[in-house]
Amino acid sequence: MKRSIIITGGAGFIGSHVVRLFVNKYPEYKIINLDKLTYAGNLANLKDIEDKPNYKFVKMDICDFEGVLKLMQEEHVDGIIHLAAESHVDRSIKDPFTFAQTNVMGTLSLLQAAKACWEGNYEGKRFYHISTDEVYGALEMTHPEGIEPPFTTKASSGEHHLAYGEKFFTEDLKYQPHSPYSAAKASSDHFVRAFHDTFGLPTIVTNCSNNYGPYQFPEKLIPLFINNIRHRKPLPVYGKGENVRDWLYVEDHARAIDTIFHNGKIAETYNIGGFNEWKNIDIIKVLIHTTDRLLGRKEGEDMDLITYVTDRAGHDLRYAIDSSKLKRELGWEPSLQFEEGIEKTVRWYLDNQDWLDNVTSGDYQKYYENMYKGR
Ligand code: NAD
Ligand code: DAU
């Protein structure tokens, strides 16, 4: 095998897309999916590639330093793409300890293992840490009606592409996390950079905006709302629904990770985003229209499911990523128009009701046990 790469969190939403891309695109690489299979990990996300000869799944906690080090040595690992994390902001408000343990201590354990395994020979090695735009805090909404954005990309030139302020998150901004989730991610980013600066570990960090697409756990806005519209359940909109997020189709994120893993500069940070800002309430209306249409209902008839509820504590007002460095230096830009991405996404969840039912019933957690029975 030309390379041996551990992808952590490969059974989760974004991780499964990254694993699939690498397994299919690089048959000459060995791809090891290291995942603890928490509630968010689901091996059914990878059914289509699980029998490929260049793919291996290892059930392991990233906090298990000895286990990770042994695996790295046995498999001659020369690259780590680190996505494993606790990722849901609402859960971090209820249970911050788990977020510190996984996101901070888990990342530290991986860094120590990589340092111990590679020490003295960093040539060709790479520790790539996947982070979030939430570490930068929140931007002001200086233009609630929206203004023409300063940048466009292939995927953002649609009619809805407006910016809600002049400021964007750039790579040189100071970190100002607000939620326990983003505080834990920020801390892990600092550890990664510290391991480069102190020990010379060849690291890269990227900070990405909100992803959407197939296989996202239905606690997050888009899959939760599609499922609720289908079952005519209330749609809990936090606060006034005015908060703004910058949405990127998950396969575009996976492509960016591929580009950066192979061509990014060591010790650099790259922001990844869609230049695609939406107020939550506007996205929700698009979801209702699209889901109703695809279900053969009258478009918009489920608008009365919208239910305004108490706001999320510390709810960040606006995220907007400036990903022009990545476009300029490595030539990446998002490929999908948002309208196209949302249509594909809603269609996928409606066509994969079994997947959603398994996840919402908890049955997906038996998949691993059944899969490994008799092996
Ligand atoms: P997810 O919650 O869908 O998946 C997380 C995966 O990590 C799961 O498979 C889970 O089993 C695994 N995991 C959790 N704790 C673990 C541990 N201790 N050891 C090993 N595996 C463990 O997350 P996601 O939405 O796919 O996010 C992946 C990464 O991308 C995270 O680091 C997240 O911070 C970052 N990110 C996510 C988004 C987004 O919009 N979802 C945007 C930017 C960055
Ligand atoms: O910005 C990147 C981040 O995007 C990632 O780092 C996180 O891992 C990922 O979960 C996501 O965080 P958000 O908090 O932005 O995503 P979420 O889907 O939970 O919420 C999106 C917006 O919708 C947010 O403003 C809160 C709001 N919301 C969410 C839910 C679940 C609601 O109004 N109602 C809801 O029920």
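Residues numbered from 1 in each chain as written. Chains lettered and ligands numbered in written order. Predicted model: local features only at pLDDT ≥ 70, side-chain atom pairs only at ≥ 80, totals over all residues. Heavy atoms only, no water.

(A) Geometry of the site of ligand 2. Thr132, Asp133, Tyr181, Arg312 and His315 are the nearest of the 24 residues found near ligand 2. In this structure, an oxygen atom belonging to ligand 2 sits 2.7 Å away from a side-chain N or O atom of Thr132. Residue Leu221 places a main-chain N or O atom 2.9 Å away from an oxygen atom belonging to ligand 2. Here ligand 2 has 680 Å² of accessible area as a free molecule, and 94% of this is covered by the chains. (Near = heavy atom within 4 Å. Polar contact = N/O pair within 3.5 Å; in protein donor to acceptor, adjacent residues only side chain to side chain. Areas by Shrake-Rupley, 256 points an atom, 1.4 Å probe, with all protein chains shown as cover.)

(B) Main features of the packing of aromatic side chains. Applying the stated criterion across every chain yields a total of 22 aromatic pairs. For the pair Tyr26 and Tyr29, a centre-to-centre distance of 4.6 Å together with 10° between the ring planes defines the contact as stacked. With relative accessibility at 11%, the residue Tyr26 sits in the buried group. Both rings, one in Tyr212 and one in Tyr249, keep their centres 5.4 Å apart while their planes meet at 70°; by these two values the pair is edge-to-face. Taken together, the residues Tyr212 in strand E7 (residues 210-212) and Tyr249 in strand E9 (residues 244-249) connect sequence positions 37 residues apart. Each member of the pair, Tyr212 as well as Tyr249, carries the same accessibility label: buried. The rings of Tyr212, Trp247, Tyr249, Trp278 and Phe338 are connected pair by pair, giving a single aromatic cluster. We note Lys115 situated over the ring of Phe199; from NZ or CZ to the ring centre the distance is 4.6 Å. A cation over a ring is seen here: Arg318 above Phe168, with NZ or CZ 5.4 Å from the ring centre. (Phe/Tyr/Trp six-rings, centres within 6.5 Å; stacked < 30°, edge-to-face > 60°. Buried < 20%, exposed > 50% of the residue type's maximum accessible area, 1.4 Å probe, protein only. Helix = DSSP H or I, 4+ residues; strand = E, 2+ residues; numbered from the N terminus. Lys NZ or Arg CZ within 6 Å of the ring centre and 35° of its normal.)

(C) Layout of the environment of Gly10. If you trace the backbone, Gly10 turns up in the loop between strand E1 (3-8) and helix H1 (13-25). For Gly10, a relative accessible area of 0% translates into the label buried.

(D) Local environment of the sheet that holds strand E2 (residues 29-35). Taken together, the seven strands give an open sheet; going across it, the order is E3-E2-E1-E4-E5-E6-E10, and neighbouring strands pair in parallel fashion. The open sheet has two edge strands with one neighbour each: strand E3 (55-59) and strand E10 (269-272). Between one strand and the next, the sheet's axes are offset by a mean angle of 20°, whatever the strand orientation. Of the strand pairs in this sheet, strand E5 (residues 126-132) and strand E6 (residues 203-208) are connected by six bridges, and their pairing is parallel. Directly across from Ser131, in E6, lies its bridge partner Asn207. Strand contacts of helix H7 (residues 250-263): E1, E2, strand E4 (79-82), E5, E6 and E10, with the helix running at about 145° to E5, the strand carrying the most contacts. (Pairing = 2+ DSSP bridges. Axes fitted to C-alpha atoms, helices over the stretch in contact; angles between N-to-C directions. Contact = heavy atoms within 4.5 Å.)

(E) Highlighting the site of ligand 1. Neighbouring residues of ligand 1: 28 residues in total, closest Ile14, Asp35, Ser87, Tyr181 and Lys185. Thr38 has a polar backbone atom sitting 3.0 Å from an oxygen atom of ligand 1. Starting from 840 Å² of accessible surface for ligand 1 in isolation, the protein chains cover 97%. Sorting the residues of the shell around ligand 1 by element identifies H1, E5, helix H5 (180-199) and E7 as the ones contributing at least two each. Classifying every residue of the shell around ligand 1 by side-chain character gives 13 nonpolar, 11 polar and four charged. (Nonpolar A, V, L, I, M, F, W, Y, C, P; charged D, E, K, R; others polar.)

(F) Expanded view of the sheet that holds E7. Strands sit in the order E7-E9-E11 across an open sheet of three strands; the sheet is mixed. Both outer strands of the open sheet, E7 and strand E11 (277-279), are each paired with one neighbouring strand and no more. The sheet shows a mean angle of 50° between the axes of neighbouring strands, direction not considered. Where E7 and E9 come together, three bridges link them in parallel fashion. By the bridge assignment for E9, Tyr212 is matched with Tyr249. Packing of H7 onto the sheet brings it into contact with E7 and E9, and relative to E9 it is tilted by some 70°. Against the sheet, helix H8 (residues 280-294) contacts E9 and E11, and its axis sits at roughly 85° relative to E11.

(G) Looking closely at the pairing of E1. Judged by how many residues are buried, E1 sits mostly within the fold: six of six residues are covered. A two-sided burial pattern is seen for E1, the buried positions comprising Arg3, Ile5 and Ile7 on one face and Ser4, Ile6 and Thr8 on the other. Note: E1 against E2, six bridges, orientation parallel. Opposite Ile5, over in E2, you have Ile31 as the bridge partner. Taken together, E1, H1 and E2 constitute a β-α-β crossover, and its handedness is right-handed. Alignment of E1 against E4, held across four bridges, turns out to be parallel. The residue bridging Ile6 from the neighbouring strand is Ile80, located in E4. (Right-handed = clockwise from strand over helix to strand, strands pointing away.)

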